[in-house]
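# Secondary and tertiary structure notes
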There are 2 protein chains.
Amino acid sequence: MAKELKDLTKRSDNYSQWYNDLVVKADLAEQSAVRGCMVIKPYGYAIWEKMQHELDRMFKETGHQNAYFPLLIPKSFLSREADHVEGFAKECAVVTHYRLKNAEDGSGVVVDPAARLEEELIIRPTSETIIWNTYRNWIHSYRDLPILINQWANVMRWEMRTRMFLRTAEFLWQEGHTAHATEEEAWAEARRMLDVYADFAENYMAVPVIKGVKSANERFAGALETLCIEAMMQDGKALQAGTSHFLGQNFAKAFDVTYVNKDNQPEYVWATSWGVSTRLMGALIMTHSDDNGLVLPPRLAPIQVVIIPIYKNDEQRSQIAEAVDPIVKELRQLGISVKFDDADNKRPGFKFADYELKGVPVRLAIGCRDIENGTVEVMRRDTLEKHQAPLQGIAQYCKDLLEDIQANIFKKALDHREELTRKVDTYEEFKQEIEKGGFILAHWDGTPETEERIKEETKATIRCIPFGGDETPGVCMVTGRPSARRVIFARNY
Amino acid sequence: MAKELKDLTKRSDNYSQWYNDLVVKADLAEQSAVRGCMVIKPYGYAIWEKMQHELDRMFKETGHQNAYFPLLIPKSFLSREADHVEGFAKECAVVTHYRLKNAEDGSGVVVDPAARLEEELIIRPTSETIIWNTYRNWIHSYRDLPILINQWANVMRWEMRTRMFLRTAEFLWQEGHTAHATEEEAWAEARRMLDVYADFAENYMAVPVIKGVKSANERFAGALETLCIEAMMQDGKALQAGTSHFLGQNFAKAFDVTYVNKDNQPEYVWATSWGVSTRLMGALIMTHSDDNGLVLPPRLAPIQVVIIPIYKNDEQRSQIAEAVDPIVKELRQLGISVKFDDADNKRPGFKFADYELKGVPVRLAIGCRDIENGTVEVMRRDTLEKHQAPLQGIAQYCKDLLEDIQANIFKKALDHREELTRKVDTYEEFKQEIEKGGFILAHWDGTPETEERIKEETKATIRCIPFGGDETPGVCMVTGRPSARRVIFARNY
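Criteria and cut-off values
- Residues numbered from 1 in each chain as written.
- Chains lettered and ligands numbered in written order.
- Predicted model: local features only at pLDDT ≥ 70, side-chain atom pairs only at ≥ 80, totals over all residues.
- Heavy atoms only, no water.
- Helix = DSSP H or I, 4+ residues; strand = E, 2+ residues; numbered from the N terminus.
- Rg over C-alpha atoms; globule rule 2.2 N^0.38 Å.
- Buried < 20%, exposed > 50% of the residue type's maximum accessible area, 1.4 Å probe, protein only.
- Contact = heavy atoms within 4.5 Å.
- Areas by Shrake-Rupley, 256 points an atom, 1.4 Å probe, with all protein chains shown as cover.
- Lys, Arg positive; Asp, Glu negative; His and termini not counted.
- Charge placed at Lys NZ, Arg CZ, Asp CG, Glu CD.
- Arc of directions from axis to C-beta.
- Pairing = 2+ DSSP bridges.
- Least-squares fit on C-alpha atoms with pLDDT ≥ 70 in both.
- Buried area = accessible area lost by both parts, 1.4 Å probe.
- Salt bridge = Lys/Arg side-chain N within 4 Å of Asp/Glu carboxyl O.
- Polar contact = N/O pair within 3.5 Å; in protein donor to acceptor, adjacent residues only side chain to side chain.
- Nonpolar A, V, L, I, M, F, W, Y, C, P; charged D, E, K, R; others polar.
- 1 Å grid on protein atoms, 1.4 Å probe; cavity = no way out; pocket = protein on both sides within 12 Å on 5 of 7 lines; lining within 4 Å.
- Points joined across faces, edges and corners; volume = space filled by probe spheres on them.
- Axes fitted to C-alpha atoms, helices over the stretch in contact; angles between N-to-C directions.
- Left-handed = near helix turned anticlockwise from the far one by under 90°.
- pLDDT = per-residue confidence, 0-100.
- Phe/Tyr/Trp six-rings, centres within 6.5 Å; stacked < 30°, edge-to-face > 60°.

## Concerning the overall build of chain A
- Counting secondary structure elements, chain A contains 15 helices and 27 strands.
- By the compact-globule yardstick of 23 Å for 493 residues, chain A fits well, its C-alpha radius of gyration being 26 Å.
- A principal-axis box enclosing the C-alpha atoms of chain A has dimensions of 80 × 70 × 55 Å.
- Relative to its 493 residues, chain A shows a buried fraction of 59%.
- Across chain A, every contact between residues at least 6 apart in sequence was considered, and the portion connecting residues at least 24 apart equals 69%.
- Accessible area for chain A stands at about 19,900 Å²; split by element, carbon and sulfur atoms hold 47% of it.
- Here chain A contributes 63 positive and 75 negative side-chain charges, whose respective centroids are spaced 2 Å apart.

## Focus on helix α14 (residues 427-435) of chain A
Residue and element names in this part refer to chain A.
- For α14, every residue scored as buried is listed here: Tyr-427, Phe-430, Glu-433 and Ile-434. Around the axis of α14, the buried residues are gathered within 115 degrees of arc, so they sit on the same side. What points out from α14, more than 90 degrees from its buried face, is the exposed set Glu-428, Gln-432 and Glu-435.
- Those residues of α14 hidden inside the fold are in contact with β22 (421-423), β23 (439-443), α15 (448-458) and β27 (486-490).
- Where α14 ends, the next residue or the one after it, Gly-437, has phi of about 85 degrees, a positive value.

## Some details on the pairing of strand β12 (residues 225-232) of chain B
All names here are of chain B.
- The element β12 is largely enclosed, with a buried count of 7 among its 8 residues.
- Direction of pairing for strand β11 (residues 210-213) relative to β12: antiparallel, over a ladder of 4 bridges. Its bridge partner lying in β12, Lys-211 is registered against Ile-229.
- As judged from the 8 bridges shared by β12 and strand β13 (residues 238-248), these two strands associate in the antiparallel manner. The residue of β13 that forms the bridge with Glu-225 is Phe-246.
- Taking the residues that link successive antiparallel strands as the turn, the β12-β13 hairpin has 5 residues, and the phi of Gly-236 there is positive, at about 85 degrees.

## Overview of the relation of the copies chain A and chain B
- After a rotation of 180 degrees and a shift along the axis of 0.0 Å, chain A superposes on chain B with an RMSD of 0.0 Å. Expressed as an axis order, the relation between the two copies is that of a two-fold axis. For chain A, the minimum C-alpha distance to the rotation axis belongs to A:Val95 and amounts to 2.1 Å.
- When you check the interface residues of chain A against chain B, 98% turn up at the interface there too, and the contact is symmetric in its surfaces.

## Side note on the interface of chain A and chain B
- With 64 residues of chain A in contact, the opposing surface of chain B contributes 64 residues.
- At the boundary of chain A with chain B, total buried surface from both sides reaches about 5,000 Å², with 66% on carbon and sulfur atoms.
- Across the chain A-chain B interface, the total number found is 2 salt bridges.
- With a closest N to O distance of 3.2 Å, B:Lys60 and A:Glu49 form a salt bridge.
- For the pair chain A and chain B, the number of links is 30 residue pairs in polar contact (both at pLDDT 80 or more).
- Here the side of chain A that touches chain B is composed, by residue class, of 39 nonpolar, 12 polar and 13 charged.
- As judged from the 3 bridges shared by strand β5 (residues 94-97) of chain A and strand β5 (residues 94-97) of chain B, these two strands associate in the antiparallel manner. Note that in β5(B) the partner of A:Val94 across the bridge is B:His97.

## With respect to the sheet that holds strand β12 (residues 225-232) of chain A
Residue and element names in this part refer to chain A.
- Reading across the sheet, the 11 strands line up as β3-β9-β10-β16-β13-β12-β11-β24-β27-β23-β22 and stay open at both edges, with mixed pairing between neighbours. The sheet is open, and its two borders are formed by β3 (65-66) and β22, each paired with just one other strand.
- Where strand β24 (residues 461-466) lies against β27, 3 bridges are found, and the strand directions are antiparallel. Across the sheet, residue Thr-461 finds its bridge partner in β27, namely Ala-490.

## A word on the side chain of B:Arg422
- Here B:Arg422 lies in strand β22 (residues 421-423).
- Setting aside residues up to four positions removed in sequence, B:Arg422 forms contacts with B:Glu433, B:Lys436, B:Gly437, B:Gly438, B:Phe439, B:Ile440 and B:Leu441.

## Quick notes on empty space enclosed by the protein
- All chains considered together, the criterion is met by 5 cavities of 30 Å³ or more.
- If you add up the space inside the largest cavity, you get close to 50 Å³.
- Together, A:Tyr68, B:Cys37, B:Met38, B:Ile40, B:Glu170, B:Phe171 and B:Leu172 line the largest cavity.
- Sorting the residues of the lining of the largest cavity by element identifies β2 (38-40) and β10 (170-180) of chain B as the ones contributing at least two each.
- Ranked by residue count, the leading element in the lining of the largest cavity is β10(B), at 3 residues.
- Along the lines of polarity and charge, the residues of the lining of the largest cavity split into 6 nonpolar, no polar and 1 charged.
- Its boundaries defined by the atoms lining it, the second largest cavity holds a volume of some 40 Å³.

## Some words on the layout of surface pockets
All names here are of chain A.
- For the second largest pocket, the calculated volume is near 1,600 Å³.
- Lining the second largest pocket are 45 residues, and of these Glu-159, Arg-167, Gln-240, Arg-279 and Tyr-493 sit closest to its centre.
- Of all the elements in the fold, those that place two or more residues in the lining of the second largest pocket are α5 (82-88), β10 (170-180), β13 (238-248), β16 (270-277), α15 and β24.
- Partitioned by chemical class, the residues of the lining of the second largest pocket number 12 nonpolar, 16 polar and 17 charged.

## Quick look at the packing of helix α3 (residues 42-61) of chain B against helix α7 (residues 183-203) of chain B
Residue and element names in this part refer to chain B.
- As a packed pair, α3 and α7 sit with axes 11 Å apart at the nearest point and diverge in direction by 145 degrees. Both α3 and α7 take part in a crossing whose hand is right-handed. Together, Met-51, Glu-54, Leu-55, Met-58 and Phe-59 of α3 and Met-193, Val-196, Tyr-197, Asp-199 and Phe-200 of α7 make up the contact between the two elements.
- The class makeup of the residues in the contact of α3 with α7 is 8 nonpolar, no polar and 2 charged.

## A few points about the environment of B:Asp56
- When you line up the elements, B:Asp56 lands in helix α3.
- A distance of 2.9 Å separates polar atoms of two side chains, one belonging to B:Asp56 and the other to B:Trp152.

## A closer look at the confidence of the model for chain A
- Overall, the prediction assigns chain A a mean pLDDT of 96, with 99% of residues at 70 or greater.
- Our summary of model confidence lists the complex with pTM equal to 0.97 and ipTM equal to 0.97.

## Quick word on the packing of aromatic side chains
- One pass over the full model with this rule turns up 38 aromatic pairs over all chains.
- Both rings, one in A:Trp132 and one in A:Tyr135, keep their centres 5.2 Å apart while their planes meet at 70 degrees; by these two values the pair is edge-to-face. Residue A:Trp132 and its partner A:Tyr135 are both found in helix α6 (residues 128-138); the two are separated by 3 residues, about one turn of the helix. By the burial criterion, A:Trp132 is buried, and A:Tyr135 matches it.
- Ring geometry for B:Phe69 and B:Tyr135: centres 6.4 Å apart, planes at 80 degrees, overall edge-to-face. Linking B:Phe69 in the loop between β3 (65-66) and β4 (72-74) with B:Tyr135 in helix α6 (residues 128-138), this pair joins segments that are 66 residues apart in sequence.

## Concerning the packing of helix α2 (residues 15-25) of chain A against helix α9 (residues 279-288) of chain A
Residues and elements named next belong to chain A.
- Where α2 meets α9, the closest approach of the two axes is 11 Å, and the angle between their N-to-C directions is 115 degrees. In this structure, the crossing between α2 and α9 has a hand that is right-handed. Within the contact between the two elements, α2 uses Tyr-15, Trp-18, Tyr-19, Leu-22 and Val-23 and α9 uses Gly-282, Ile-285 and Met-286.
- Its residues placed into classes, the contact of α2 with α9 shows 7 nonpolar, 1 polar and no charged.

## Some details on the sheet that holds strand β8 (residues 116-123) of chain B
- Read from one edge of the open sheet, 6 strands run β4(A)-β8(A)-β5(A)-β5(B)-β8(B)-β4(B), paired in antiparallel fashion. Two strands close off the open sheet at either side, each with one partner strand: β4 (72-74) of chain A together with β4 of chain B. Taken pair by pair, the neighbouring strands of this sheet meet at an average axis angle of 45 degrees, ignoring direction.

## Overview of unusual backbone geometry
- Note the cis peptide between A:Leu145 and A:Pro146, where omega equals -5 degrees.
- In this fold, A:Pro146 is placed in the loop between α6 and β9 (147-156).
- Residues other than glycine seldom take positive phi values, yet A:Leu384 does so here, at roughly 65 degrees.
- Residue placement: A:Leu384 occurs in the loop between β20 (375-380) and β21 (386-390).
- A positive phi angle, close to 70 degrees, is found at B:Asn264, a residue other than glycine.
- Relative to the helices and strands, B:Asn264 resides in the loop between β14 (258-260) and β15 (266-268).
- Classification of B:Asn264 as exposed rests on a relative accessible area of 62%.

Quick look at the structure:
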């Protein structure tokens, strides 16, 4: 049984299959009856809730408030912003009717043709249009600015090829939408939220990220600039983990949102939007997990410490329960979520395998002999190392160990990224290197055409023009034209 | 300006208009560009978040976990349960296409006829069908039961007449969906969650509720029994604040969900579902608020105490700020959310009116003279009474006062309900009394036909057959047939 539980495809055999297996076997999510839509199962949702909790706190600490805007958007709103409609019209779910009726042949229900909407509604793929249509009535004077609003919501993009968490037709996310009096303020906001995302990714998810700006090809439809955080997965592919857009006055102009400035002159409002989604779950899984299952960063693990009793009879079982009780209490006092799994219908070996699969960071196994000796067996999930530790002070010991694990998996991911990041100077070398995966720092002439050609020939895109790093100018590896600096190329999820 | 802010319709002039005014003027919500869908503004959403927070804690304390199921439901799923489809097919949003394209005349985007779905999808009006279709694969043995899951989600019902919070096409809610091995267990669950809702309504919202069971006419489409909590609004109309359904084996049979029991025999699974929604916001507003604006129960108020400085110049302003600083800290240490509003661009009178409108439970106003005297002016929102209190120990004083307000508004609502609840024995008297509003306890013969007749003739429905209370049998006021006990009639929202 324990073996069966862990019957995961190995990463080295088929990384993609390993990911799909893991999502299902660790009870994170499963495919639903609706094409491209997943069911997020309780264990997966518990991780997402922890992410939401920390992000929500960070948003509020930076002055944002939550609100809620409608799920449905009038079709005509999409057309107001030229780039936006190009980007989103091709993949949206369209509501055309508002009623079903019984089929005349008794076969079930059919769409009632009499209940056709005058104007079709689309399920939001993102909410800039409906929100900026609303902001028009909220903003009159510079005194009404800034507006700093976030929304937790579901959105839908009718993707043709879907993968659980990474790319699903419906997904859960947050979308921040802010309005500002000046260009500078809007830029500062876009930059600030990118920093919040990077802070969250690195310090909670333990996922190292590179901050930068997207090339024009990869920009959000309707943005003047898209900032992003990019992470590297274990297979060397890139994953865009969050984006923050400087929208300029595009949506203000499209929805006629102006304010009267201090000199009593009307001006268009400046905007940003920024979002992260359940895609972060994919990033979390693919950064840390191994052939035994999930490896969760302690700060986002629903269960941080599991305690498993090893006993032969009821007497031993209750003796252990008695010894464990104060440990559980002490762990909880330290703010650690702990589970004492004394279920009698599963053997310890099964439990060990199950909690490894689920990525619980620390496992304590305790038998009567341990109690006599004043020790406990400790297993850390990140390295799978086992050792004995004294029962005395075990709660604080676990707390320190959790911090150590959090730091260790971040470092491991960072080392891996650095190992797989290298500079390349010729296009020939680039074509060889890109096959090996990882991030390639190369010179590029700054044109969409060259990027497009590289993408067609190598399937690699520019992940971002990083902030900082090596800013030495050079020449484009493809065209030989001048390049302002090296940018990051990779294949990506 | 202060006057304009409070320019609410009076309840006595037009209760319905007063409600609509208040929702908008207190910045809770507004109509959106999409028919029947509202925008929940930050202040309204902050109250909803506090409700969510408490309910979520209560659900978890009773053993439930959160999960997430798809927004869209295949049309055919609805037809599987006969009553369910009757109840929901007539008012659902139907997705028929998954793509838009540019109109040939350049006028914008149109539905792409080539992108028609093979089977239409509906936006969930409730999720029993998609969830029970999922549970089929999760449940095999009695060991897999119970399943205790809750979902926080948006749902859509294409209502023809909408009112903000009370009845909107899209609304936010939670829906619990549980699966059990036995009828007894499922019943106990339905009953337990009704108690959770009543606890929340009375102890957090300060809204007294009557627990009971619905008559067949008012039952959820697909349920064997619907339990409910019913509240009375200030105008004497009833509002159903939450429902908990015993679904029997209806959905298990419709979606073929069986488990193998301890005797190795297959059995259908037993089900419950239960939900509360943003409708609770309507109940909250209409139970406590007055002609000056919102009155919020302290336990759900985003700001519990507001402190307003009264000053003539910058020197006084900073002197007051210095004196207030330790009070703010002490209040926060007591877990009280406090706002010190020293904004210089609004006069105290404006601020007073604004925080009254927003329902902040306690207002402290403090000037230099107060500091010298060691006093502060305290205003409690529920009674609008002002008095002086010593600055010394003011934080604890506020804490006690908040508890007193919480208890007082509950008692006021309870007294009001009791005043407007009376027994009636003849149908003639009933017709007169129902015009005056309130709850009427009357005998009914237990048939849908009689209830339907009463509804047609008086617009009153049976709100519930209450648990407990006067259980003396009698005769139906309409038909003279035997009645098991008095039930509660009212007109309702």
